[in-house]
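Structural description and commentary
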2 protein chains.
Amino acid sequence: MEKKGCPIPNATARRIPMYYRYLKTLEESGVERIKSKDFSKMIQIPSATIRRDFSHFGELGRSGYGYDVSFLIEVFSHILNTEVEKRIALVGVGNLGKALGRYNFKNNDHLNIVCAFDTDSEVVGEKIKDIVVEDMSCLEERIKKEGVTTAILTVPSKYSQTVADKVIAAGVTAILNFAPGRIRVPDNVKVQYIDLTTELQTLIYFDENFTSSKQINF
Amino acid sequence: MEKKGCPIPNATARRIPMYYRYLKTLEESGVERIKSKDFSKMIQIPSATIRRDFSHFGELGRSGYGYDVSFLIEVFSHILNTEVEKRIALVGVGNLGKALGRYNFKNNDHLNIVCAFDTDSEVVGEKIKDIVVEDMSCLEERIKKEGVTTAILTVPSKYSQTVADKVIAAGVTAILNFAPGRIRVPDNVKVQYIDLTTELQTLIYFDENFTSSKQINF
DNA sequence: CACTAGATGTGAAAAAGTTAACAAGAGGTG
DNA sequence: CACCTCTTGTTAACTTTTTCACATCTAGTG
């Protein structure tokens, strides 16, 4: 460990889920050990970055050997706290909402959408996998009862602030928002935005302006 | 302009689409001028960062006045090259694919999904908005004919490499990949990944580990 | 068991990105 | 038209992130 009590850098933290996912894939394929260089080829992140990232969590590897896959999984599993089920609410069951509801959070059975809400009476009562879509009026009570702390918002952007306020009032502290447009939340609530249009534009912008192989994200 | 011929920083480039989107919103609301400080409140990015970002494209504002909204839109529109239609192919028309196909790239009528492909005979022939889903075997010919250079991939991850190879062979140079798992592409092809599971995990990780208001992305 | 090949973890340097702070200049008012 | 207020654009400091390069250590071999 580089230093006791030194906080994990933001950039490192954002890479953990990807590390975790790939390690699970490796394990499934029966790979028992991995070297930073090989892992680097696989996930397209420089090996030095990988080693530096890993080092924040202790001395996880062995010189001249590499890393033990199942041990790494154990470590990252603990960091991501996958032992505890994450109960998630889906708010807004339009096309995208339905798709997400049916989406399989692959290899992550601790991520569970446990309730879904919409205002549209056409949709309310419908089943997404094994959960029944409820009316928004049930939201607060339901979220409290289910112990949900994470919400996925796929509502039209003009409603996203109102809906965010509602789920926060019910106890949600983490929001994944698919609507473009920032929402205002208290300090203790985290929001992650996924805006398909801007992602697409960013991609096209880089495609048109950088001929060489320049990575966009990580 | 800070310096002639100095390249736009990566971080700045990634923020352009968001700037553009908000400016369009402002214009729609009839706002004619905006100060970096007010814009900052709106999009939750420090005003210094905004001014610095803007400065890369010239002296866009006026002291003691702010920025002219429609002029900024003009500038960013040009940077994002919105005058030219982007013709996009959708490959994989499952739940998520359908949702994306019906998704309205709001305020961006230059982003157009012009064809869609799947292998599933249940889906082939179906209509998504006004385009008919075709069999994968038509992909190459169609993409060439339509002049498509961007593809959205929503196929199961085990096929994503094969499909990527196919669209690239047909002339695509920008790929938005929803499947987890990096794909291998030539230098001239750009890939942007959107992995819902890792986004969700990142969000939850930050929610559980950083009580204070620490931004995850920008 | 000694030796070689090869990998890790990290100090130090470089690169990239952010923020503070302010000089210069425009806007608007009386 | 002079003045006060306010905002930009940018210089410089600072922070974060990436990358290099290598001392140190382990695995595996003969």
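Just above sits the structure.
Structural notes, computed from the coordinates. Fair warning: this is a prediction, and the values are worked out from it, not measured in the lab. Here, residues in each chain are numbered from 1, in the same order as that chain's written sequence. As a convention, the first chain written is A and the first ligand written is 1, with the rest following in written order. Whole-chain, interface and lining totals are the exception, using all residues; otherwise, since this is a predicted model, local features are given only for residues with pLDDT of at least 70 and side-chain atom pairs are given and counted only at 80 or more. Based on all heavy atoms of the structure, the side-chain values leave hydrogens and waters out of the count.

Turning our attention to the overall build of chain A. Helix numbers and strand numbers start at the N terminus; a helix is a DSSP run of H or I with at least 4 residues, a strand a run of E with at least 2. Assigned secondary structure in chain A consists of 8 helices and 10 strands. Dimensions of chain A along its principal axes, counting C-alpha atoms only, are 60 × 45 × 35 Å. Throughout this description, buried means an accessible area under 20% of the type-specific maximum (1.4 Å probe, protein chains only), exposed means over 50%, and partly exposed covers the range between. Taken across its 218 residues, chain A has 53% of its residues classed as buried. Counting contacts in chain A only where the partners sit at least 6 residues apart, residues at least 24 apart contribute 56% of the total. Per-residue accessibility takes into account occlusion by the displayed protein chains alone, with areas from the Shrake-Rupley method and a 1.4 Å probe. On chain A, roughly 10200 Å² of surface is accessible, and the fraction owed to carbon and sulfur atoms is 48%. A residue counts as positive if it is Lys or Arg and as negative if it is Asp or Glu; His and the chain ends are not included. Each charge is placed at NZ for Lys, CZ for Arg, CG for Asp and CD for Glu. In chain A, which carries 29 positive and 28 negative side-chain charges, the distance between the mean positions of the two groups comes to 6 Å. Residue contacts are defined here by distance: any two heavy atoms, one from each residue, within 4.5 Å place the two residues in contact.

For this purpose, a residue is taken to be near a molecule or strand whenever a single non-hydrogen atom of the residue falls within 4 Å of it. Looking at DNA strand C, there are 28 residues lining it, with Ser 36, Arg 52, Gly 61 and Tyr 67 of chain A together with Arg 52 of chain B nearest. Each atom of DNA strand C within 4 Å of the protein belongs either to a base or to sugar and phosphate, the latter forming 65%. Counting of polar contacts relies on pairs of N or O atoms within 3.5 Å, with two restrictions inside protein: one atom must be capable of donating a hydrogen and the other of accepting it, and residues adjacent in sequence are counted only when both atoms are side-chain atoms. Contact distances for DNA strand C include 2.9 Å between a base nitrogen and a side-chain N or O atom of Arg 51 of chain A. If you list the elements that add at least two residues to the surface near DNA strand C, you get helix H3 (47-55), strand E2 (61-62) and strand E3 (66-68) of chain A together with helix H1 (10-28) and helix H3 (47-55) of chain B.

Each pair of packed helices gets described by two things: the angle between the helix axes and the distance between those axes. Residues and elements named next belong to chain B. It is the contact of helix H2 (residues 36-43) with H3, at a shortest axis distance of 8 Å, that shows an interaxial angle of 110°. Judged by the inter-axis angle, H2 sits roughly perpendicular to H3. Crossing geometry of H2 relative to H3 is assigned as right-handed. Of the residues in H3, those in contact with Ser 36, Lys 37, Phe 39, Ser 40 and Ile 43 of H2 are Ser 47, Ile 50, Arg 51 and Phe 54. Note that Gly is not counted as nonpolar here; it falls among the polar residues with everything else outside the nonpolar set of Ala, Val, Leu, Ile, Met, Phe, Trp, Tyr, Cys and Pro and the charged set of Asp, Glu, Lys and Arg. Class assignment for the residues of the contact of H2 with H3 results in 4 nonpolar, 3 polar and 2 charged. Angles run from 0 to 180 degrees between N-to-C directions of axes, and those axes are lines fitted to C-alpha atoms, restricted for helices to the stretch in contact. By definition in this entry, angles of less than 35 degrees are roughly parallel, angles greater than 145 are roughly antiparallel, angles of 65 to 115 are roughly perpendicular, and the rest are oblique. When the near helix sits turned anticlockwise from the far one by under a right angle, the crossing is termed left-handed; a clockwise turn instead gives a right-handed crossing.

With 73 residues of chain B at the interface, the matching set in chain A holds 73 residues. Once two parts are put together, the accessible area they lose, assessed with a 1.4 Å probe and summed over both, is termed the buried area. At the boundary of chain B with chain A, total buried surface from both sides reaches about 6700 Å², with 56% on carbon and sulfur atoms. Here, a salt bridge means any Lys or Arg side-chain nitrogen found within 4 Å of an Asp or Glu carboxyl oxygen. Summed over the shared surface of chain B and chain A, the number is 4 salt bridges. We note a salt bridge from Glu 208 of chain B to Lys 86 of chain A, for which the minimum N-O separation is 2.4 Å. The interface formed by chain B and chain A contains 22 residue pairs in polar contact (both at pLDDT 80 or more). Listing elements by their share of the side of chain B that touches chain A, those giving two or more residues are H1, H2, strand E4 (86-91), helix H5 (95-102), strand E8 (150-153), strand E9 (174-177), strand E10 (190-193) and helix H8 (196-209) of chain B. Residue contributions to the side of chain B that touches chain A peak at 13 residues, all from H8 of chain B. Across the side of chain B that touches chain A, the residue classes tally to 37 nonpolar, 21 polar and 15 charged.

Let's shift gears to the protein's contact with DNA strand D. Arg 15 and Arg 52 of chain A together with Ser 36, Arg 52 and Tyr 67 of chain B are the nearest of the 28 residues found near DNA strand D. What you see for DNA strand D is that sugar and phosphate hold 66% of its atoms within 4 Å of the protein. The separation between a phosphate oxygen of DNA strand D and a polar side-chain atom of Arg 62 of chain A is 2.8 Å. Between DNA strand D and the protein, one listed contact pairs a phosphate oxygen with a side-chain N or O atom of Ser 36 of chain B at 2.6 Å. Every element with two or more residues in the surface near DNA strand D is listed here: helix H1 (10-28) and H3 of chain A together with H3, strand E2 (61-62) and strand E3 (66-68) of chain B. In the surface near DNA strand D, the residues fall into 7 nonpolar, 10 polar and 11 charged.

With an RMSD of 0.1 Å, the fit of chain B onto chain A corresponds to turning through 180° and sliding 0.0 Å along the axis. Both chain copies can therefore be described as sitting about a two-fold axis. Counting the interface residues of chain B, we find that 100% of their copies in chain A are interface residues as well, pointing to one common contact surface. The fit set for superposing copies consists of C-alpha atoms from residues with pLDDT of at least 70 in both; the fit itself is least squares.

With that out of the way, let us pick up the pattern of salt bridges. All names here are of chain A. Using the criterion set out here, one finds 18 salt bridges over all chains in the structure. Across the pair Arg 87 and Glu 146 runs a salt bridge, and its minimum N-O distance is 2.4 Å. Of the two residues, Arg 87 is situated in strand E4 (residues 86-91) and Glu 146 in helix H6 (residues 139-146); the sequence distance between them amounts to 59 residues. Among the ionic contacts, a cluster of salt bridges with common partners joins Glu 85, Arg 87, Glu 134, Arg 142 and Glu 146.

This part takes up the pairing of strand E7 (residues 131-135) of chain B. Residue and element names in this part refer to chain B. Note on pairing: two strands pair once DSSP finds at least 2 bridges between them. In this structure, strand E5 (residues 111-118) lies alongside E7, joined through 3 bridges in parallel fashion. What sits directly across from Phe 117, in E7, is Glu 134. As paired strands, strand E6 (residues 127-128) and E7 are joined by 2 bridges and run antiparallel to one another. Considered in E7, the bridge of Lys 127 is made with Val 132. Between E6 and E7, which pair antiparallel in sequence order, lie 2 residues; one of them, Lys 129, sits at a positive phi of approximately 50°.

Topologically, Thr 198 of chain A is positioned in helix H8 (residues 196-209). Judged by relative accessible area, which is 13%, Thr 198 of chain A ranks as buried. Contact partners of Thr 198 of chain A, with chain neighbours within four places excluded, come to Pro 17, Met 18 and Arg 21 of chain B.

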